[in-house]
Amino acid sequence: MLKITLQQMRSGWVRLLAAGIAIALGTGFVAATLLGGEAMKSAAYQSFTSEFEGADAVIEGAPLGAGEIDRAASVSGAAEAHTKASVGGEIGFGSRSNWGLIGAASPDAQLEAGELPGDGEIALRADLADRLGVAIGDDVALTVTDWDADEPTDSRIEARVSGLVPEATNFFTYGTDALVPESALLTDPLAPLSSEGPLAVSAAGGVSEEELQTALAEEFGSDYTVQTVTEVAEETTEAITGDSQALTWVLLGFAGVALAAAILVISNTFAVLVASRTRTLAMLRTIGASRSQVGGSVMLEALILGVVSSLAGLALGYGVIAGALAVVTRSLPDINVWQDFALTPAVWIATLATGIVITMLAGFLPARTATRVRPLEALRPEPVRLGTTAGKFRAAISLLAFLAGAAMLIGGVAIATGGDEVDDMRMLAGLGIGILGGFISVAGILLGSVFIISPLVRAVGALFGRGATAKVATMGAIRNPRRTATTSNALFIGVALVVMMGTGAATAKTSLSEELQDFFPVDVEAATGDGSDLTTGQLETLGATEGVEVYTPTSSAGVVLTGAGDGDAGIDEAHVELLTAHDSVPGSDAQESAPLTPGAALPNPEAVDGLEPGEILLPDWFASDYGLEVGDTVEVSADPAGDSASGEGEPAPLTFAGDAPAAVFLVAEPTFAELFPDPPVNGAWLRLTPEANPLTVIKDLEDAMTTLQTENPDAPVVQFAGGAVERATFEQVIDVLLLIVTAMLAVAVVIALVGVANTLSLSVLERRRESATLRAIGLTKSQLRGTLAIEGVIIAVVGALVGIAGGLAYGWAGAMTILGALGSVRLGVPWALIAVVAAVAIGAGLLASVIPARSATKVPPVAALAEE
């Protein structure tokens, strides 16, 4: 039987090609996941622990000053100990200054130029030095503020620039903006601000991370936390992803999706192969082959195909990841992405085992079908059957599974969003029930697809008109409903998952954007760090910067709130920052255009524009904490401990008029002027144009503010924040994740489209006589090609339509379950992604028909009508 099996594979290699491609893609995905997962984990670990480069253990706790460093360095097995503390402050040069993070220079710190700082020296990040116009050898001023003192105290330090630190290559390698000697960070005036930073300890030769960790833990006791650098990396990964192995598990999940689609394609291929070899198998039975030998022949064919295709998949996965790492290396020069990239025995075994198992599983049912055919019955010509022989029992089971799954999905959403407050256990329970319901409902769709495929094919086929070509194509697509349903199911799974992820991402972006807009209603907020006035030039620049549509100047000052709330929950003494929005710049001609309404920079300005003198808007959390209701009276007075000592001393009674549109305490301009007769214009609200990139606008604003300091040394340092930046950051993260996920799931779609081509190819082979008859009665070659093209498009469109509908439903359900407990959810539709999926499906259907059409038109009608 081995010789016969090999001969059958050689003669039918074209039919096996689609199954082989599906196996290679699926197993290549597994190999790429295992190889890339380890490389990604290694790169992530190196990124997360870049600040501890060269160290083996990390100590956290308080205090961690010079004495603790000496203790750590003296522990048996320790080589060196250094602080990783940092302190924020202004770094100034001439008339320019920027806020930055100042850390200690370790002996192995990398420099782009110059030398490590010594006593009285500092090394700056290269881009910061460029912004300040600083060169090696220049003197800069460090200004740090002790905010924990009774009164904020500034300390100024002069330091010579000794070297330049390379710019950060990614978010996680972004460390400090400047480095000073460790001794400077551990002595006044920096020591009080940085004494709680972690310590990095390196091990002596021959001492492992675990041995050093044990020795340090014994020395420092339970008041301190001692971790190995590997544990720090795992903890950081878990904090970001929820699981230290999340990256690998997620990718393996996508590989499972691809393999599920591959199983459907492979099973379909073997089923048709068995059907096309009915006479051959029957002849083998007639001359003495047993049922087990016939079934074994099919399984042996599956085994050989699985081994060969899996080896091809292994090579494919290795090549893809090697190429990807070669590209990534250029953007991550500080990380060795090849560190854990190796074709280990585990990768070999997992890839080959996966390919063989899925191929054997896919070939099992066709093999059983082959053993059940009686020799004499198989020798008879099999009539063409249109429609389906699926029974009522299958219909009932599929309908029941779909309805039960849908009910569980809806129930999961209801459970997850049922409470007024966020409850992790309730959300997890709802998510678990929803996921199980999703699987059950999908199983119902797959099981019952054979019943709905014919009506769907006829509906889609009607879009191509009532001509002979469209009718023949439609009948061809439903000639074998089981095979067409299996092909559409594979496409349904891939498309549904791509659309589901896109829908979830679109919903998350829309919902998070609205939540951030409620919390940060201002696109960009500019403010001076010390509360001093913005200069006229700064105000003009804020309004004239490209991307800024509207700007509203603001004033803020520290105040004390007192008043009676609900019962004993009144405000005893609350120190807050009071703010007002101006319709023009007080005492300045900086705004030459028509005066703005105070809330012009807000998406909903009515609350601010309708604010009357004597009223105050409070954040909802503040009012809730103190039991305040609209109409209550609070008293406001200037805070003598703040920067607003020029304010009036008498408290002003104000009426609580409603929730503030931001996390601020807001009054009308006349009310603020009564408290502070000469109000400082120390901030501004900016509304950006819809097409503006917030990150670009912020960078342009920062560059412009730094440049203005060269013209006016008295200009204050301006800091920027606001909802546009947060929204852009969230959307960027979501877009990157969606791109990765879509790329992964696209493999499943490719496998499914290979199945469409396979179905058409096998359909052409089965309909040789039918096609010949049509050609004999006048059907042209172009019409025959058109028939197969329409048939391919119909099959692809049906699978895509069901997948899009399912993806939208499951994506919305998933988003409601996860985001519903956190706040209101606004469902989103990824129209662009859906359009791409539809276009790909139509294009793939046309492309899949090219080779089968060439095969069909090459055979002369007379030859095709001849008996085989």
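Residues numbered from 1 in each chain as written. Predicted model: local features only at pLDDT ≥ 70, side-chain atom pairs only at ≥ 80, totals over all residues. Heavy atoms only, no water.

S.K.: Help me get a handle on the overall build of the chain, residues and values and all.
M.R.: Helix and strand counts for the chain stand at 28 helices and 20 strands. Within the chain, buried positions represent 47% of all 868 residues. Counting only contacts in the chain whose residues sit at least 6 apart along the sequence, the fraction spanning at least 24 positions is 82%. Approximately 40700 Å² of the chain is accessible, and the part contributed by carbon and sulfur atoms is 59%. (Helix = DSSP H or I, 4+ residues; strand = E, 2+ residues; numbered from the N terminus. Buried < 20%, exposed > 50% of the residue type's maximum accessible area, 1.4 Å probe, protein only. Contact = heavy atoms within 4.5 Å. Areas by Shrake-Rupley, 256 points an atom, 1.4 Å probe, with all protein chains shown as cover.)

S.K.: Can you tell me about the packing of aromatic side chains, naming the residues and giving the values?
M.R.: Evaluation of the coordinates by the stated rule reveals four aromatic pairs. A ring pair is formed by phenylalanine 622 and tyrosine 626, whose centres lie 4.7 Å apart and whose planes are at 45°; its orientation type is tilted. On the basis of relative accessibility, which here comes to 25%, the residue tyrosine 626 falls in the partly exposed class. Ring geometry for phenylalanine 622 and phenylalanine 665: centres 4.9 Å apart, planes at 90°, overall edge-to-face. Taken together, the residues phenylalanine 622 in helix H20 (residues 620-625) and phenylalanine 665 in strand S18 (residues 665-667) connect sequence positions 43 residues apart. Across this residue pair, the class does not change: phenylalanine 622 and phenylalanine 665 are buried. Put simply, the rings of Phe622, Tyr626 and Phe665 pair up and form one aromatic cluster. (Phe/Tyr/Trp six-rings, centres within 6.5 Å; stacked < 30°, edge-to-face > 60°.)

S.K.: With reference to specific residues and values, describe the nonpolar core.
M.R.: With 23 residues, the main nonpolar core has Leu561, Leu578, Ile616, Leu618, Phe622, Leu628 and Val636 as its most contacted residues. Secondary structure elements with two or more residues in this core: strand S13 (548-563), strand S14 (571-581), strand S15 (615-618), H20, strand S16 (633-638), strand S17 (652-659), S18 and helix H21 (669-675). Considering each element in turn, this core owes the most residues, four residues, to S14. If you look at the next biggest cluster of nonpolar residues, it comprises 21 residues, including Val87, Ala129, Val134 and Val161. (Core = buried A, V, L, I, M, F, W, Y, C linked by side-chain atoms within 4.5 Å.)

S.K.: Tell me about the pairing of strand S6 (residues 121-125), residues and numbers included.
M.R.: Of all five residues in S6, four are buried, a share of seventy percent or more. Sheet topology places S6 next to strand S9 (residues 178-180); two bridges connect them, and they run antiparallel. Along S9, the bridge assignment pairs alanine 123 with leucine 179. (Pairing = 2+ DSSP bridges.)

S.K.: Can you tell me about the environment of leucine 190, naming the residues and giving the values?
M.R.: By the element assignment, leucine 190 lies in the loop between helix H5 (182-185) and helix H6 (191-194). Sequence spacing of leucine 190 and glycine 88 is 102 residues, and the spatial spacing of their C-alpha atoms is 9.8 Å.

S.K.: Residues and numbers for the pattern of salt bridges, please.
M.R.: Applying the stated rule across the entire model yields five salt bridges. A salt bridge links glutamate 549 to arginine 687, with the shortest nitrogen-to-oxygen separation between them at 3.4 Å. Of this pair, glutamate 549 sits in strand S13 while arginine 687 sits in strand S19 (residues 683-688), and the two are 138 residues apart along the sequence. (Salt bridge = Lys/Arg side-chain N within 4 Å of Asp/Glu carboxyl O.)

S.K.: How would you explain the sheet that holds strand S11 (residues 225-228) if you had to name every residue and give the values?
M.R.: Sheet architecture is open: four strands sit in the order S2-S10-S1-S11, paired in antiparallel fashion. Two strands close off the open sheet at either side, each with one partner strand: strand S2 (78-83) and S11. Across the sheet, the mean angle separating the axes of adjacent strands is 20° when strand polarity is ignored. The sheet strands contacting helix H3 (residues 66-74) are strand S1 (57-60), S2 and strand S10 (199-203), and the helix crosses S2 at an angle near 160°. Running over the sheet, helix H7 (residues 209-220) touches S1, S2, S10 and S11 and is turned about 175° from S11. (Axes fitted to C-alpha atoms, helices over the stretch in contact; angles between N-to-C directions.)

S.K.: Describe the packing of H3 against H7, listing the residues and the values that go with them.
M.R.: Where H3 meets H7, the axes come as close as 10 Å, and the angle between the chain directions of the two elements is 135°. Taken together, the axes of H3 and H7 are oblique relative to one another. Crossing geometry of H3 relative to H7 is assigned as right-handed. Here Glu68, Arg71 and Ala72 of H3 lie close against H7, whose contacting residues are Leu216, Glu219 and Phe220. A class-by-class count of the residues in the contact of H3 with H7 yields three nonpolar, no polar and three charged. (Parallel < 35°, antiparallel > 145°, perpendicular 65-115°, else oblique. Left-handed = near helix turned anticlockwise from the far one by under 90°. Nonpolar A, V, L, I, M, F, W, Y, C, P; charged D, E, K, R; others polar.)

S.K.: Provide a residue-level description of a nonpolar patch on the surface, including the pertinent values.
M.R.: A surface patch of nonpolar side chains, amounting to about 570 Å² of accessible area, comprises Leu303, Val307, Leu311, Tyr318, Leu343, Trp348 and Ile349. Sorting the residues of the nonpolar patch by element identifies helix H11 (291-331) and helix H12 (345-371) as the ones contributing at least two each. Top contributing element to the nonpolar patch by residue count: H11, with four residues. Looking at the element boundaries, leucine 303 is found in helix H11. Looking at leucine 303, the relative accessible area reads 33%, which means it is partly exposed. (Patch = residues over 30% accessible without salt bridge, like charges linked within 9 Å, V, L, I, M, F, W, Y side chains within 5 Å.)

S.K.: I'd like a description of the confidence of the model for the chain, backed by residues and values.
M.R.: Low pLDDT means the predicted atomic positions in that stretch should not be read closely. Per-residue confidence for the chain averages 76 on the pLDDT scale, and 72% of its residues sit at or above 70. Within the model, pLDDT remains below 50 along residues 381-389, and this stretch shows eleven contacts once partners closer than five positions in the same chain are excluded. Overall, residues 590-594 carries pLDDT values under 50, and its contacts beyond four positions in sequence, including any with other chains, amount to eleven contacts. (pLDDT = per-residue confidence, 0-100.)

S.K.: Describe the environment of serine 162, with residues and values.
M.R.: Inspection of the secondary structure assignment puts serine 162 in strand S8 (residues 153-165). Classification of serine 162 as buried rests on a relative accessible area of 6%. Considering only alpha carbons, one finds serine 162 and glycine 137, 25 residues apart in sequence, at a separation of 6.1 Å. For serine 162, the contacting residues outside a window of four places in its chain are Gly114, Glu115, Leu116, Pro117, Glu121, Ile122, Ala123 and Ile136.

S.K.: Can you explain the environment of threonine 486? Please cite residues and give values.
M.R.: Relative to the helices and strands, threonine 486 is located in helix H17 (residues 481-519). Between the alpha carbons of threonine 486 and serine 449 there is a distance of 8.1 Å; along the sequence they are 37 residues apart.

S.K.: Describe in detail the packing of helix H14 (residues 392-416) against helix H25 (residues 781-819), supporting the description with residues and values.
M.R.: With their axes 8 Å apart at the nearest point, H14 and H25 run at an angle of 25° to one another. The angle between the axes of H14 and H25 places the two elements in the roughly parallel class. When the axes of H14 and H25 are compared, the crossing they make is left-handed. Contacts from Leu409, Gly412, Val413 and Ala416 in H14 reach Tyr810, Ala813, Met816 and Thr817 in H25. In the contact of H14 with H25, the residues fall into six nonpolar, two polar and no charged.

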